[in-house]
Amino acid sequence: MSILEVRNLKKIYHLEDGGVNLALNDVSFHLDEGEILGIIGRSGSGKTTLMRILRGVLPFDEGRIILDDIECGPSSDPETIQALKEATAIHLQRSFAFWAETAAENVMRRVHALKTHDETNLPPEKTEEYDKVRDRAMKILETVGLRHKADQAAHTLSGGEKQRLLLARQIAIEPKILLLDEPLTMASPETKRVAIDTIKKIHDEQGISILIVSHMPRLHESLAHRLLWMDEGEIIKEGDVKTITSEFMRSIEPVAPLSPLKERVPIFKLDNVTKRYFHYTLSKIFEIQNINLTIYKGEILGIIGPSGVGKTVLMRILSGIELPNEGSVLFYTKDGGVADLTSLGFASAMIRQKIGILHQEFGLTHHATVEEMIKGRRKFKEMTEEDMRRIAEKLDIRESLLDFVLRLADMPAASRKGMLDELEIDEEELLDIYAEIPQVQLDKKEVMETFRLLGLPKDILKRRSYELSGGEKIRVALAVELASKPELLILDEPFGDLDPLTSRKVSNLLKEINAKLGTSLCVVSHDRELLADTTHRIILIKDGVIKREFSPEELVNL
């Protein structure tokens, strides 16, 4: 018996430049009660658009959605749309909207909202109701393997842990249908296995119907009872899971060669770096310790390790966004000098302009055009020391404080907000400072050369982030960083949102950028096979320390 029927669904995006994008065209399928139905397709095929429509957060142009006794069309009233929202829960790719609280409190708010329809309040502590809500939240955290992280601030969790916390929050509302949009994009192999077992456990224990979108064939092979293949907004095949995944993978392009590293000339070095994080009770919850790491000019370095072991923290320290408690972050200048990024000031700010970083939680400004995003990023990278002195004098702030504020601009929005909340700083104060930075002009011919390398069309400069597909967003985010011509480009899970076919293209692209521009790269990924194809060497981080170094050949044979 079907719990969900989708009939002749059509979605058209009207672009601000006057063009149109037919995102979904005559999409029809059904989901049986208790079934796990998979959807596979390349980045930009319409999968996320479909999920957002089923969730009730995106209008559509034609068709019907019938979920149990709820029927929705393009002109359905708000009450019907609200009923659809209450019957579903969705886990969106790279969506990290959390309260600035612990993991447990984030789930508790969701549990409590079942009764109050309001997440803004929790029951008073030391009451029976509070204890019941917390007990329920702790059971849910145990289901997703995060009970041991219950008292850790949500914004300090790793990308894979945040994915599981999002899943916990969705389970908490007890939906009729669970919509999972790329639920394992940034998870380690170990975490993927745990998450797959978790989804199976939720399905088996609660009998919940699940619609799961993923570009990962192995995920569908492990979970899905039936598979749909989407391409260019249409369902082109439906049926046996392994038959469809095998056909899907046939068009992957061959691995491009990696330019050899001719000499080992240092460009960056971490010297005995230690970073500790504490809970508000002052108990230590996380630490990376005594890290010694050199990155060489023209090298592509890969970093692997389980979720939550310090990879992202290490990348932020390397980029100068966060300061270590101990040790030095050294940059070797072209004239033979050495600068330490841990010393706040104009000199350090100038060095950081040579570093680009693409976070696993990257966010594109929702209403900005791609051209505006590139200009906004480049103005931070093209400031002169004279610009910095002028801003410091005009606003009467110290050199070290201005550098600190500029570092905050490089942080993901959620992490920046968490830090500002802790420091009791209003984000408007930052925006006043950023507004003083001079605007820049773009050499569009130069920018479009980068876009060509990334396989992005010419007209994309005028498009806004909400008009981009998931695959286009990651390539645009990469283009924004490359437009500033960094000497070191740090990529934290750049392949997470991409299907295997596009991931291979991006891997080959990174090698082309490395060969043509001489850019050094540091790439964090859980995809060991992809890293082995992309990098000169790989290091393993575990329990906050560097455990081992591999050649690509050694990693493949593990």
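This write-up is about the structure you can find in this document. Quick caveat: nothing in here was measured; it's all calculated off a predicted structure.

1. Quick word on the overall build of the chain
Okay, step 1: A count of helices and strands for the chain gives 20 helices and 20 strands.
Okay, step 2: Overall size of the chain, expressed as C-alpha extent along the three principal axes, is 70 × 60 × 50 Å.
Okay, step 3: Taking all 558 residues of the chain together, the buried fraction comes to 57%.
Okay, step 4: Partitioning the contacts of the chain with sequence separation of at least 6, the portion at a separation of at least 24 is 71%.
Okay, step 5: Accessible surface, the chain: about 24300 Å² in total, of which carbon and sulfur atoms supply 48%.
Okay, step 6: Of the side chains in the chain, 76 bear a positive and 91 a negative charge, and the two mean positions are spaced by 3 Å.

2. Quick look at empty space enclosed by the protein
Okay, step 1: For the structure on display, the rule yields three cavities of 30 Å³ or more.
Okay, step 2: Roughly 90 Å³ of internal volume is contained in the largest cavity.
Okay, step 3: Surrounding the largest cavity, Ala-349, Arg-352, Gln-353, Arg-377, Phe-380, Lys-381, Met-383, Leu-406 and Asp-410 form its lining.
Okay, step 4: Within the residue set of the lining of the largest cavity, elements represented by two or more residues are α10 (346–352) and α11 (370–381).

3. As for the pairing of strand β10 (residues 234–239)
Okay, step 1: Inspection of the sheet shows strand β9 (residues 226–231) paired to β10 by five bridges, in the antiparallel sense. In the strand pairing of β10, Asp-231 is matched with Glu-234.
Okay, step 2: Where β9 folds back on β10, the antiparallel hairpin that results is connected by two residues, among which Glu-232 adopts a positive phi of roughly 50 degrees.

4. Re helix α2 (residues 78–87)
Okay, step 1: When we look at burial in α2, the residues that qualify are Thr-80, Leu-84 and Ala-87. What you see down the axis of α2 is that its buried residues fit within an arc of 70 degrees, all on one side. Exposed side of α2, more than 90 degrees from the buried face: Pro-78, Glu-79 and Glu-86 are the residues found there.
Okay, step 2: Buried residues in α2 make contact with α1 (47–55), β4 (62–67), β5 (70–72), β6 (88–91) and β7 (177–181).
Okay, step 3: By the N-cap criterion, in which a side-chain oxygen at the helix start approaches the backbone nitrogen of a residue two or three places on, α2 is capped by Asp-77, the distance to Glu-79 being 3.1 Å.

5. What about the pattern of salt bridges?
Okay, step 1: Inspection of every chain in the model, using the stated rule, returns 36 salt bridges.
Okay, step 2: Between Lys-505 and Glu-253 there is a salt bridge whose closest N-O contact spans 3.1 Å. Note that Lys-505 is positioned in helix α18 (residues 500–517) and Glu-253 in the loop between α8 (241–248) and β11 (266–278), a separation of 252 residues in sequence.
Okay, step 3: The partner of Lys-516 in a salt bridge is Glu-512, with the nearest N and O atoms 2.8 Å apart. Remark: Glu-512 and Lys-516 occur in helix α18; sequence separation between them is four residues, near one turn of the helix.
Okay, step 4: Three or more residues are tied together by salt bridges with common partners; here these are Arg-352, Arg-377, Asp-403, Arg-407, Asp-410 and Glu-481.

6. Topic: the nonpolar core
Okay, step 1: Membership of the largest hydrophobic core comes to 48 residues, with the highest contact counts inside it found for Phe-268, Leu-270, Leu-314 and Leu-402.
Okay, step 2: Setting aside residues no more than four positions away along its own chain, Leu-402 makes contact with Phe-346, Met-388, Ile-391, Ala-392, Ile-397 and Ile-433.

7. Side note on the packing of helix α13 (residues 399–409) against helix α15 (residues 427–434)
Okay, step 1: Interhelical geometry of α13 versus α15 gives an angle of 105 degrees and a closest axis separation of 11 Å. Here α15 runs roughly perpendicular to α13, going by the angle between their axes. In this structure, α13 contributes Leu-402, Val-405, Leu-408 and Ala-409 to the contact, and α15 contributes Leu-430, Ile-433 and Tyr-434.

8. Side note on unusual backbone geometry
Comment: phi is negative for the bulk of residues other than glycine, and the bulk of peptide bonds are trans.
Okay, step 1: A positive phi is found at Lys-126, a non-glycine position, where the angle reads about 60 degrees.
Okay, step 2: With respect to the secondary-structure elements, Lys-126 resides in the loop between α3 (103–116) and α4 (128–143).
Okay, step 3: For Lys-126, a relative accessible area of 82% puts it in the exposed group.
Okay, step 4: Of note in this structure, Lys-485 is not a glycine but carries a positive phi near 50 degrees.

9. Considering the environment of Lys-242
Okay, step 1: Looking at the element boundaries, Lys-242 is found in helix α8.
Okay, step 2: The class for Lys-242 is exposed, based on a relative accessible area of 56%.
Okay, step 3: As for Lys-242 and Phe-98, which are separated by 144 residues in sequence, their C-alpha atoms are 36 Å apart.

10. Things to note about the sheet that holds strand β13 (residues 300–304)
Okay, step 1: Pairing within the open sheet is mixed, and its six strands lie in the order β16-β17-β18-β13-β19-β20. The open sheet has two free edges, formed respectively by β16 (355–358) and β20 (545–550), since each of these has just one partner strand. Direction aside, neighbouring strands of the sheet carry axes that sit 20 degrees apart on average.
Okay, step 2: The sheet contact formed by β16 and strand β17 (residues 488–492) spans four bridges and is parallel. Bridging across to β17, Ile-355 finds its partner in Leu-488.

So, how was this worked out
Residues numbered from 1 in each chain as written. Predicted model: local features only at pLDDT ≥ 70, side-chain atom pairs only at ≥ 80, totals over all residues. Heavy atoms only, no water. Helix = DSSP H or I, 4+ residues; strand = E, 2+ residues; numbered from the N terminus. Buried < 20%, exposed > 50% of the residue type's maximum accessible area, 1.4 Å probe, protein only. Contact = heavy atoms within 4.5 Å. Areas by Shrake-Rupley, 256 points an atom, 1.4 Å probe, with all protein chains shown as cover. Lys, Arg positive; Asp, Glu negative; His and termini not counted. Charge placed at Lys NZ, Arg CZ, Asp CG, Glu CD. 1 Å grid on protein atoms, 1.4 Å probe; cavity = no way out; pocket = protein on both sides within 12 Å on 5 of 7 lines; lining within 4 Å. Points joined across faces, edges and corners; volume = space filled by probe spheres on them. Pairing = 2+ DSSP bridges. Arc of directions from axis to C-beta. Polar contact = N/O pair within 3.5 Å; in protein donor to acceptor, adjacent residues only side chain to side chain. Salt bridge = Lys/Arg side-chain N within 4 Å of Asp/Glu carboxyl O. Core = buried A, V, L, I, M, F, W, Y, C linked by side-chain atoms within 4.5 Å. Axes fitted to C-alpha atoms, helices over the stretch in contact; angles between N-to-C directions. Parallel < 35°, antiparallel > 145°, perpendicular 65-115°, else oblique.

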